[in-house]
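Architecture at a glance
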Amino acid sequence: MSALLKLSGWIDSFNERIGRLLSWLVLAAVLISAGNAILRKTFNIGSNAFLEIQWYLFAAVFMLGAGYAFLKNAHVRIDFISSKLSTRTNAIIDILGIVVFLVPLCLLLIDLSWPLFTQAYASGEMSQNAGGLIRWPVLLMIPAGFAILLVQALSELIKRVAYLQGLRDDPMSVEHGPSDEEKLAAELAAKAEQAAREGARA
């Protein structure tokens, strides 16, 4: 298990780097979008390439960032249910979700999307819009994104199994903290408790 935990650490480090890179892609998308709007409104200059690179970058952030979101526990959860369950129960549910749903889904979508990329690459498929971009880079993001999510799923599976075996104190990443919903729920509970104490004194 120590070798698997080391592998998990490498995967987490890899997705940390991807997350930092994607933050720069967000900035690039904002700058390109602003520049495109200024040129169009001020000088009546437009470019389909500028428009398409915006959604290429947008697609890259969301497709390649799924693994990073999983690492940071930023994916969607039913917090009002999971917050009522023990950490051990949540870890077991996560393991079942990863093995039964997430891994098969990633494998299926990689298998289905890879031919789309290879066909576009082989044919040199271009955008149908005048002055548009070549298509294969954006199609590559689909299998690449699900491959990154798949390896992060492996890392999360290792961490949760290690937690159940008593080899980790936390089934999530070391950096894991409470979600925004959990923080809000704790804040509301603290305010309610304080109000109840003040009411008891009155």
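The preceding data block contains the structure.
About the thresholds
- Residues numbered from 1 in each chain as written.
- Predicted model: local features only at pLDDT ≥ 70, side-chain atom pairs only at ≥ 80, totals over all residues.
- Heavy atoms only, no water.
- Helix = DSSP H or I, 4+ residues; strand = E, 2+ residues; numbered from the N terminus.
- Rg over C-alpha atoms; globule rule 2.2 N^0.38 Å.
- Buried < 20%, exposed > 50% of the residue type's maximum accessible area, 1.4 Å probe, protein only.
- Contact = heavy atoms within 4.5 Å.
- Areas by Shrake-Rupley, 256 points an atom, 1.4 Å probe, with all protein chains shown as cover.
- Core = buried A, V, L, I, M, F, W, Y, C linked by side-chain atoms within 4.5 Å.
- Axes fitted to C-alpha atoms, helices over the stretch in contact; angles between N-to-C directions.
- Parallel < 35°, antiparallel > 145°, perpendicular 65-115°, else oblique.
- Left-handed = near helix turned anticlockwise from the far one by under 90°.
- Nonpolar A, V, L, I, M, F, W, Y, C, P; charged D, E, K, R; others polar.
- Patch = residues over 30% accessible without salt bridge, like charges linked within 9 Å, V, L, I, M, F, W, Y side chains within 5 Å.
- Salt bridge = Lys/Arg side-chain N within 4 Å of Asp/Glu carboxyl O.
- Expected span 1.5 Å × (residues − 1).
- Phe/Tyr/Trp six-rings, centres within 6.5 Å; stacked < 30°, edge-to-face > 60°.

1. Remarks on the overall build of the chain
For the chain, the count of helices and strands is seven helices and zero strands. Order of helices (α) and strands (β) in the chain, N terminus to C terminus: α-α-α-α-α-α-α. A globule of 202 residues ought to have a C-alpha radius of gyration of about 17 Å, yet the chain, at 22 Å, is considerably larger. For the chain, the spread of C-alpha atoms along the principal axes amounts to about 70 × 50 × 25 Å. Here the chain holds 202 residues, and the buried ones make up 30% of them. Counting only contacts in the chain whose residues sit at least 6 apart along the sequence, the fraction spanning at least 24 positions is 74%. About 12,600 Å² of surface is accessible on the chain, with carbon and sulfur atoms providing 68% of the total.

2. Some details on the nonpolar core
L22, L25, A60, L64, V138, L139 and M141 are the most contacted members of the largest nonpolar core, which totals 16 residues. Secondary-structure elements contributing two or more residues to this core are α1 (2-43), α2 (48-64), α5 (87-123) and α6 (136-164). Excluding anything up to four places from it in sequence, M141 contacts Y56, A59, A60, M63 and L64. Within the second largest apolar cluster, seven residues are counted, among which are F70, C106, L149 and A153.

3. Overview of the packing of α2 against α6
Packing of α2 against α6 brings their axes to within 8 Å, and their N-to-C directions diverge by 15°. Here α2 is positioned roughly parallel relative to α6, judged by the angle of their axes. As for how α2 packs across α6, the hand of that crossing is right-handed. Touching W55, Y56, A59, A60, M63 and L64 of α2 are V138, M141, I142, A144, G145, F146 and I148, all from α6. Residue composition of the contact of α2 with α6, by class: 12 nonpolar, one polar and no charged.

4. Focus on a nonpolar patch on the surface
Judged by side-chain polarity, I92, L96, V99, V100 and F101 come together as a nonpolar surface patch covering roughly 490 Å² of accessible area. Residue placement: L96 occurs in helix α5.

5. Notes on α6
Between its terminal C-alpha atoms α6 stretches 42 Å, which fits the 42 Å expected from 29 residues at 1.5 Å a residue. Within two residues after α6, G166 carries a phi angle of roughly 80°, on the positive side.

6. Things to note about the pattern of salt bridges
Pairing between side chains of opposite charge can happen when their charged atoms approach one another. If you walk through the whole model with that rule in mind, you get eight salt bridges. A salt bridge links D94 to R160, with the nearest nitrogen and oxygen atoms 2.9 Å apart. Note that D94 is positioned in helix α5 and R160 in helix α6, a separation of 66 residues in sequence. By relative accessible area, D94 is classed as buried at 13%. Residues joined in a network through salt bridges with shared partners are D12, D94, E156, K159 and R160.

7. A look at the packing of aromatic side chains
Scanning all chains against the criterion turns up six aromatic pairs. Here F58 and F62 contribute two aromatic rings whose centre-to-centre distance is 4.7 Å and whose plane-to-plane angle is 45°, an arrangement assigned as tilted. Of this pair, F58 and F62 both sit in helix α2, four residues apart, which is roughly one turn of that helix. No difference in accessibility class separates F58 from F62, as the two residues are exposed. Among the aromatic residues, those joined into a ring-pair cluster are W114, F117, Y121 and W136.

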